[in-house]
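# Survey of secondary and tertiary structure
The primary structure of each chain is shown beneath.
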Amino acid sequence: MLSRQLLLSLQQSLGPQQAIQELKWMNQAINQKNTTKLNLNQMVTRRINGEPLQYILGTQPFGPLNLLTRPPVLIPRPETEHWVIKLSEFLSPTAQNPISLLDLGTGSGCIPLLLCHLWPVASLNAHAVDISPHAIRLARDNALSTAIASSSDPRNIFTTSLANFLSKDFPDPASRAKSPFDVITSNPPYIPTHEYNQLPRSVKHFEDPRALCGGQDGYQFYHAIARLVSQSNILKPTGGLVVLEVGHDQAVTVEQIMRDTRRFRRTDIWKDLWGKQRTVLAHT
């Protein structure tokens, strides 16, 4: 039974309607998991203290998948889900014509794992890298929990490696062995320093800053990706595609960063569900 004091505190923290909805989700999680480890009062207390609901519940829906979530790995966002589903419809790999994909800064593995799920069996060979051991562990766990990396009957190929794509030594051996890739995807850290300092407590105090901070101006990782495709054979020189999530006001600048490499014949910008320019595509 939830104490009245905690209920009032939750309503003050979230607002009455949001508090009701989140209490519903918490109770559903308790009933579904059927374990005494999940205590409603403890869950509500954690939420009042600012912890993201996804960490408390331990999962986050992402398309048809229900991904595991653990701090401090970045929680998958709906704007990412939107463009990944759109990408799954934009490209049409088959078992006869499979594609290879590199996901830079994979976090929970949400981007390649959703594509592995949505595309036909044996149509995708995805490799994901991240600088965080926590992220790599979670991505692997998500591959197992979604049955994408089942050893007995894998839907598509999903592999990972611990690597820093800002390093001069990148591509790492695992990525080099699989290159050149047909597609490179990334939802890199893109929040400028001054905006990071203004983030809500639920983000700044719980999610890994390495997954959020994009340097002083927010473009550090986009410049790194541009250098990567310019100075290595990581991407196919013809018919290759780079797909990058960007901040709400960054699309035009990121598009120009990619154009300045002179490696791409065309660029496009996709909007998200809220009309924001959210995704930059660059085609070789």
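The numbering scheme is per chain: residues are counted from 1 as the chain's sequence reads. Side-chain atom pairs in this predicted model are given and counted only at pLDDT of 80 or more, local residue features only at pLDDT of at least 70, and totals for whole chains, interfaces and linings cover all residues. Only hydrogens and water are set aside when side-chain values are computed; all heavy atoms of the structure are taken into account.

### Structural notes on the packing of helix α1 (residues 4-14) against helix α3 (residues 40-48)
Defined as follows: To get an axis, fit a line to the C-alpha atoms, keeping to the stretch in contact for a helix; angles then go from 0 to 180 degrees between the N-to-C directions. By definition, any uninterrupted DSSP run of H or I lasting at least four residues is a helix, any uninterrupted run of E lasting at least two residues is a strand, and each is numbered from the N terminus. Rotating anticlockwise by less than a right angle from the far helix to the near helix defines a left-handed crossing, while the corresponding clockwise rotation defines a right-handed one. Contact between two residues is taken to exist if any of their heavy atoms lie within 4.5 Å; hydrogens are not considered. Throughout this entry, Asp, Glu, Lys and Arg are counted as charged residues, while Ala, Val, Leu, Ile, Met, Phe, Trp, Tyr, Cys and Pro are counted as nonpolar. The remaining residues, Gly among them, count as polar.
Two elements in contact, α1 and α3, have axes separated by 10 Å at closest approach and are oriented at 35 degrees. Our pair here, α1 against α3, has a crossing hand that is left-handed. Seen from α1, the contacting residues are L6, S9, L10, S13 and L14; seen from α3, they are N41, V44, T45, R47 and I48. Broken down by class, the residue content of the contact of α1 with α3 amounts to 5 nonpolar, 4 polar and 1 charged.

### Some points on the sheet that holds strand β5 (residues 157-162)
For clarity, the cut-off: In this description, strands pair whenever DSSP reports at least two bridges between them.
If you trace the 7 strands from one edge of the open sheet to the other, you get β5-β4-β3-β6-β7-β9-β8, paired in mixed fashion. Two strands in the sheet have a free side with no partner beyond their single neighbour: β5 and β8 (266-271). The average undirected angle you get between the axes of adjacent strands in this sheet is 15 degrees. In the sheet, strand β4 (residues 124-130) pairs with β5 via 6 bridges, with the strands oriented parallel. The partner of H127 across the bridge, within β5, is T159. Helix α7 (residues 133-145) contacts β4 and β5 of the sheet and is inclined by roughly 165 degrees relative to β5.

### So, the packing of aromatic side chains
Note the threshold: Think of it this way: a Phe, Tyr or Trp ring, Trp meaning its six-membered ring, pairs with another when their centres are within 6.5 Å, and the plane angle makes it stacked under 30 degrees, edge-to-face over 60, tilted otherwise. Exposed residues in this analysis have more than 50% of their type's maximum accessible area, buried residues have under 20%, and partly exposed residues fall in between, with area computed by a 1.4 Å probe over protein chains only.
Scanning the entire structure with this criterion turns up 4 aromatic pairs. Ring centres 5.5 Å apart and planes at 80 degrees place the aromatic pair F90 and W270 in the edge-to-face group. Taken together, the residues span a long stretch of sequence, with F90 in helix α5 (residues 78-90) and W270 in strand β8 at a distance of 180 residues. Seen in terms of ring centroids, Y219 and Y222 are 6.4 Å apart; in terms of plane orientation they differ by 55 degrees. Their pairing is tilted. The residues Y219 and Y222 share a single accessibility class, namely buried. Through successive ring pairs, a cluster of aromatic residues spans F165, F170 and F221.

### A few points about helix α6 (residues 110-118)
Because the α-helix completes a turn every 3.6 residues, residues three or four places apart line up on one side. Across the 9 residues that make up α6, a large majority, 7, are buried. Within the sequence span of α6, burial applies to C110, I111, P112, L113, L114, L115 and C116.

### A closer look at the packing of α5 against α6
Formally: Any angle from 65 to 115 degrees is called roughly perpendicular, while one under 35 is roughly parallel, one over 145 is roughly antiparallel, and all others are oblique.
At a closest axis distance of 10 Å, the pairing of α5 and α6 adopts a crossing angle of 40 degrees. Considering their axes alone, α5 and α6 lie oblique with respect to each other. Where α5 crosses over α6, the two elements pack in a sense that is right-handed. For the pair α5 and α6, contact is made by T80, W83, V84, I85, L87 and S88 and by I111, L114, L115 and L118, respectively. Partitioned by chemical class, the residues of the contact of α5 with α6 number 8 nonpolar, 2 polar and no charged.

### Focus on the nonpolar core
In a soluble, globular protein the nonpolar side chains are often hidden away together inside. Which entries qualify depends on this criterion: By nonpolar core we mean a set of buried residues, namely Ala, Val, Leu, Ile, Met, Phe, Trp, Tyr and Cys, connected to one another through side-chain atoms within 4.5 Å.
With 33 residues, the main nonpolar core has L104, V242 and M258 as its most contacted residues. Counting residues per element, the ones that place at least two in this core are β3 (99-104), α11 (220-231), β7 (241-245), α12 (251-259) and β9 (277-283). Those residues in contact with M258, other than ones at most four positions away along the chain, are I225, A226, V229, V242, L244, F264 and A282. In this structure, F62, L67, C110 and A139 belong to the second largest nonpolar core, which totals 27 residues.

### Focus: the state of the cysteines
Defined as follows: Disulfides are defined in this document as cysteine sulfur pairs within 2.5 Å.
A complete count under the given rule lists 0 disulfides for this structure. The thiol of C116 is unpaired, and the distance to the nearest cysteine sulfur, on C110, comes to 12 Å. Among the residues examined, C116 registers a relative accessible area of 0% and is labelled buried.

### A word on the domain arrangement of the chain
Let me state the cut-off plainly: Marked domain ranges trace back to an automatic or database domain assignment.
When the domains of the chain are assigned, the result is domain 1 (1-49) and domain 2 (78-283). Summarising the inter-unit geometry, the C-alpha centres of domain 1 and domain 2 are found 34 Å apart.

### Observations concerning the pairing of β9
On a regular strand, one side chain projects to one face of the sheet and the next to the other, so that they alternate. Counting buried positions over the 7 residues of β9 gives 6, a clear majority of the element. In terms of strand pairing, β7 meets β9 through 5 bridges, oriented antiparallel. Among the inter-strand pairings, E245 is bridged to a residue of β9, identified as T279. In this structure, β8 lies alongside β9, joined through 6 bridges in antiparallel fashion. Looking at β9, one finds that W270 is bridged to T279.

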